[in-house]
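Listed below are the residues making up each chain.
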Amino acid sequence: MFGACTHSSPRLSSQSSKTASCHCRDYRISLPFTLGIGTSCVLRGTIAKGVSQGPFLIFMGISLSITAFPVLARILAELKLLTTDVGQMAMSAAAINDVASWILLALAISLSGASNSPLISVWVLLCGTGFVLLCLVIGPPIFNWMDKRCAEGEPVDELYVCATLGAVLAAGFVTDTIGIHALFGAFVLGVLVPKEGPFSGALVVKVEDLVSGLFLPLYFVSSGLKTNIATIQGAQSWGLLVLVIFTSCFGKIVGTTLVSLLCKMPVQEAVMLGFLMNTKGLVELIVLNIGKDRGVLNDQTFSIIVLMALVTTFITTPIVVSVYKPAKLATTEYKHRMIERKDTSKQLRILTCFHSTRSLPTMINLIEASRGTAKKGLRVYAMHLMELSERSSAILMVHKARKNGLPFWKKREVSDSNQIVVVFETFEHLSKVSIRPTTAISPMNSMHEDIIAGAEGKRVAMIILPFHKRQRIDGHFVTTRDDLRHVNRRVLQHAPCSVGILVDRGLGGASHVSASNVDFQVTILFFGGHDDREALAYGMRMAEHPGINLLVVRFLVDPEVAGRSVTLDIDQTYSPEAQSKDEELLNDLKHKLSKNSSIKYEEKLVKDAAGTTELIRAYKRCNLFLVGRMSEGQVVLALDIKSDCPELGPLGNLLTFSEFSTTASVLVVQQYQSELSQDSINSLKDGELTEGNSDSD
């Protein structure tokens, strides 16, 4: 009766791939329900004298044993545990818990009727049971028929949506007439609606804005107005509040932990599951409001239980984060963490990230320009970054987009109606590039974890991130979302490979340029250092494309002023060894000049920062600039460019200034280093101090 189920429980330890199953009855609701009945006896003897005993016992038992399914789903999604084994187990247990609680709630409502006759209560229960059976017989065939008539990717007929909403209102009216509650009828019908397919998705989209944006806040306001904290006065009232909170936490946490340990779950996961099951929220408020409307709960009891629900919900996330520390994925050891390499015959793997369809044309044209020769090949992993919103549909999207807690990479044989996936599939068929798309749905403060995990899992050599600003028609940049800057900065600091930040000015226009029509001028500004070498290595690969013309411009200090430049604060990381690697790569480039007429190399002598800037302006007529994030040497130190985007480095900031009139996109490259230089780390920290700065417009 109390949420019993038979299930197989996998051992969640990351150290073993085997699973241990047990067939046990889930009594996660039994212990807290029993303790709730015991607590109700204490309350009836103190602050709830004179209330009907039967309904009060059941309402208190439900209040202390219920788990808020929607709130739990939101917490699991934010912690990226929704699609893990422990998350799925928590959701399954919460669903069974909710069903049992609704059945008990129907019993409590029938017992709390105005009439004291037991026959009336029996009649209400029989009518409620008949209503449920009728819905089970009629509902599924009708909903399945509607679902089959809704094609994937096509708009859903409004008649089906209106009919479903009308049926929900009718079900609520019937159960309210019976004497249970209107919410019970709506809940039963909602359980029967298919959870997969276009019909359920369209239904959620149609109603979630109205429900989440209007009805739900109004319901919480109504509950808040009914809560009178002033009624909790004196040592007795506060003592009862502590008792209720302790009883609720002890019953759910201990009960769930014991059952989980019997199912041979590790202690850490068992304790975490106990705290997750202790989550209260919307469903708890529904129970409490019904109890108060029926006169079962007085003002003081209602306020005490509302505060208990708030406390238990607020402590869930921080405790789960501190208790549950999932074993990190084994670090994948792979050699090619950067584009610069001795053996260039190996396949190049790149992870491209984007937030909206606005940047797709530029991203696809960049991929086309990077494919190199057909023999070597390029594999691209395209990650659509989406913020976990407060919308109900976001939870459904997480289920489809994540697997085992990580973004799910779609295989070729998996069909998908997502327009972004279709775009990449079409491009793959028209080009010689292998593309695997995925969608990463997570909060902004942890989105970088998905990017880093995806890069490491797929052993990519470079991550390409979109710039957090977009260009207006007048050429000025405006911030789309400031959170995106934080994501880029965290990826730069913790990435397992090289990173590029793409400043989009429309590479190739607003549409994809076919391979035969590619005609791009790529300019590399080379000053020296590992980041510049990575940009040069990337450019040399681009030059293998027949439609790419590569120009490499090396900036050197004029010998006339070299002697006076020693007074500058020269970067000590630009060692003779780094200079030697620069010369080695440049010699390789010069060797290719005779074989590839599309590559040009120039050397420019500069005397000061102003002269360097003017020389750079002379190369503004190109399609793409490739620059290192932290260029090294005397020349770049003299630039000393101040900006609110230090993650772009001095050259990246110069090329994105509104005064620097150019239509060329910019790719700022940071080469992978096991440990970033102190200057690089400091520049990322400087970005935190300039978050409040205005945009460069």
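Remember, it's a predicted structure, so these values are computed and weren't measured experimentally.

## Here's the deal with the pairing of strand 1 (residues 348-354)
Looking along a regular strand, one sees the side chains alternate between the two faces of the sheet.
Here comes step 1: Counting buried positions along strand 1 yields seven of seven residues, so the element is predominantly enclosed.
Here comes step 2: The alternating pattern of strand 1 places Leu-348, Ile-350, Thr-352 and Phe-354 and Arg-349, Leu-351 and Cys-353 on opposite faces, both of which are buried.
Here comes step 3: One ladder, built from three bridges, connects strand 1 with strand 6 (residues 462-466); its direction is parallel. If you follow Leu-351 over to strand 6, its bridge partner there is Ile-463.

## So, the sheet that holds strand 5 (residues 434-442)
Here comes step 1: Strand order across the open sheet formed by 10 strands is 5-2-1-6-9-14-13-10-11-12, with mixed pairing between neighbours. Two strands lie at the open edges of the sheet, namely strand 5 and strand 12 (599-606), each paired on one side alone. Direction aside, the axes of adjacent strands within the sheet are offset by 20 degrees on average.
Here comes step 2: The sheet contacts of helix 17 (residues 447-457) involve strand 1, strand 2 (378-387), strand 5 and strand 6, and relative to strand 2 the element is tilted by about 165 degrees.
Here comes step 3: Most of the contacts of helix 24 (residues 649-656) go to strand 13 (residues 624-628), to which it runs at about 155 degrees, and overall it touches strand 9 (498-503), strand 10 (520-526), strand 13 and strand 14 (665-670).

## Regarding the packing of aromatic side chains
Each aromatic ring pair is described using two quantities: the centre-to-centre distance and the angle formed by the ring planes.
Here comes step 1: Considering all chains together, one arrives at four aromatic pairs under this definition.
Here comes step 2: Aromatic pair Phe-246 and Phe-250: ring centres 5.7 Å apart, planes at 25 degrees, arrangement stacked. With Phe-246 and Phe-250 both in helix 9 (residues 234-262) and four residues apart, this pair spans about one turn of that helix.
Here comes step 3: With a centroid separation of 4.6 Å and an interplanar angle of 5 degrees, the aromatic rings of Phe-527 and Phe-555 are classed as stacked. In this pair, Phe-527 sits in the loop between strand 10 and helix 19 (530-542) while Phe-555 sits in strand 11 (residues 548-557), placing the two residues 28 residues apart along the sequence. In this structure, Phe-527 and Phe-555 share a single accessibility class: buried.
Here comes step 4: Here the guanidinium or amino end of Lys-292 rests over the ring plane of Phe-302, the centre of that ring lying 5.8 Å away.
Here comes step 5: In this arrangement the basic side chain of Arg-337 is found over the ring face of Tyr-672, its NZ or CZ atom lying 5.6 Å from the centre.

## A short note on the state of the cysteines
Here comes step 1: Considering all chains together, one arrives at zero disulfides under this definition.
Here comes step 2: Its sulfur unpaired, Cys-497 is 9.7 Å from the next cysteine sulfur, which belongs to Cys-353.

## Some thoughts on the pattern of salt bridges
When their charged atoms lie close together, side chains carrying opposite charge are able to pair.
Here comes step 1: Scanning the entire structure with this criterion turns up 15 salt bridges.
Here comes step 2: In this structure, Glu-158 engages Lys-206 in a salt bridge whose closest nitrogen and oxygen atoms are separated by 2.7 Å. One end of the pair, Glu-158, is in helix 6 (residues 158-178); the other, Lys-206, is in helix 8 (residues 198-226), and 48 residues separate them in sequence.
Here comes step 3: Residue Glu-158 is classed as partly exposed on the basis of its relative accessible area of 42%.
Here comes step 4: The class for Lys-206 is partly exposed, based on a relative accessible area of 44%.
Here comes step 5: Where Glu-583 meets Arg-554, a salt bridge forms, and the shortest distance between an N and an O atom there is 2.6 Å. One end of the pair, Glu-583, is in helix 21 (residues 576-593); the other, Arg-554, is in strand 11, with 29 residues separating them in the sequence.
Here comes step 6: A network of salt bridges, in which partner residues are shared, links Arg-554, Glu-583, Lys-590 and Glu-603.

## Quick look at the nonpolar core
Here comes step 1: Counting residues in hydrophobic clusters, the biggest one holds 86 residues, and the most contacted among them are Phe-56, Ile-62, Leu-76, Leu-105, Phe-199 and Leu-276.
Here comes step 2: Ranked by residues supplied to this core, first place goes to helix 4 (residues 85-111) with 12 residues.
Here comes step 3: Among the nonpolar cores identified, the runner-up in size contains 52 residues, and Phe-467, Val-635, Leu-651 and Ile-681 belong to it.

## A few points about the environment of Ile-120
Here comes step 1: When you line up the elements, Ile-120 lands in helix 5 (residues 118-148).
Here comes step 2: Ile-120 sits 59 residues away from Gly-179 along the chain, and the two C-alpha atoms are 9.7 Å apart.

## Considering helix 12 (residues 299-314)
Here comes step 1: If you check helix 12, its first and last C-alpha atoms are 23 Å apart, about what 16 residues at 1.5 Å a residue would give, namely 22 Å.
Here comes step 2: Among the 16 residues in helix 12, 12 count as buried, and that is most of the element.
Here comes step 3: Gln-300, Thr-301, Phe-302, Ser-303, Ile-304, Ile-305, Val-306, Leu-307, Met-308, Ala-309, Thr-312 and Thr-313 are the residues of helix 12 that are buried.

## Overview of the UniProt feature "transmembrane region" (unreviewed entry) in the protein
Here comes step 1: Here the UniProt feature "transmembrane region" (unreviewed entry) sits at residues 56-77, 89-111, 123-143, 163-192, 240-263, 270-290 and 302-324.
Here comes step 2: Helix and strand shares over residues 123-143 are 100% and 0% respectively, and the end C-alpha atoms of the span are 29 Å apart.

What counts, and at which threshold
- Here the residue numbering is sequential within each chain, running from 1 through the sequence in written order.
- For this predicted model, a pLDDT threshold of at least 70 governs which residues receive local features, and a threshold of 80 or more governs which side-chain atom pairs are given and counted, while totals over whole chains, interfaces and linings are taken from all residues.
- The side-chain values count all of the structure's non-hydrogen atoms but skip hydrogen atoms and water molecules.
- Relative accessibility decides the category of a residue: with a 1.4 Å probe and only protein chains considered, values under 20% of the type maximum give buried, values over 50% give exposed, and everything between is partly exposed.
- Counting from the N terminus, the helices are the DSSP runs of H or I reaching at least four residues and the strands are the DSSP runs of E reaching at least two.
- Only strands that DSSP links by at least two bridges are regarded as paired with each other.
- Note on geometry: axes are C-alpha line fits, over the in-contact stretch for helices, and angles between N-to-C directions span 0 to 180 degrees.
- Contacts are assigned to residue pairs that have any heavy atoms within 4.5 Å of one another.
- Centre distance within 6.5 Å is the pairing criterion for rings of Phe, Tyr and Trp, where only the six-membered ring of Trp is used; planes under 30 degrees apart are then read as stacked, over 60 as edge-to-face, and the remainder as tilted.
- The criterion for a charge sitting over a ring is simple: Lys NZ or Arg CZ within 6 Å of the ring centre, and within 35 degrees of the ring normal.
- Put simply, a disulfide is two cysteine sulfurs that come within 2.5 Å.
- Counted as salt bridges are all cases of a side-chain nitrogen of Lys or Arg within 4 Å of a carboxyl oxygen of Asp or Glu.
- Definition of nonpolar core: a set of buried residues of the types Ala, Val, Leu, Ile, Met, Phe, Trp, Tyr and Cys, connected through side-chain atoms within 4.5 Å.
- Working rule for helices: expected span equals 1.5 Å times residues minus one.
- UniProt positions are given in the numbering used here, feature names are shortened, and annotations may be inferred rather than shown by experiment.

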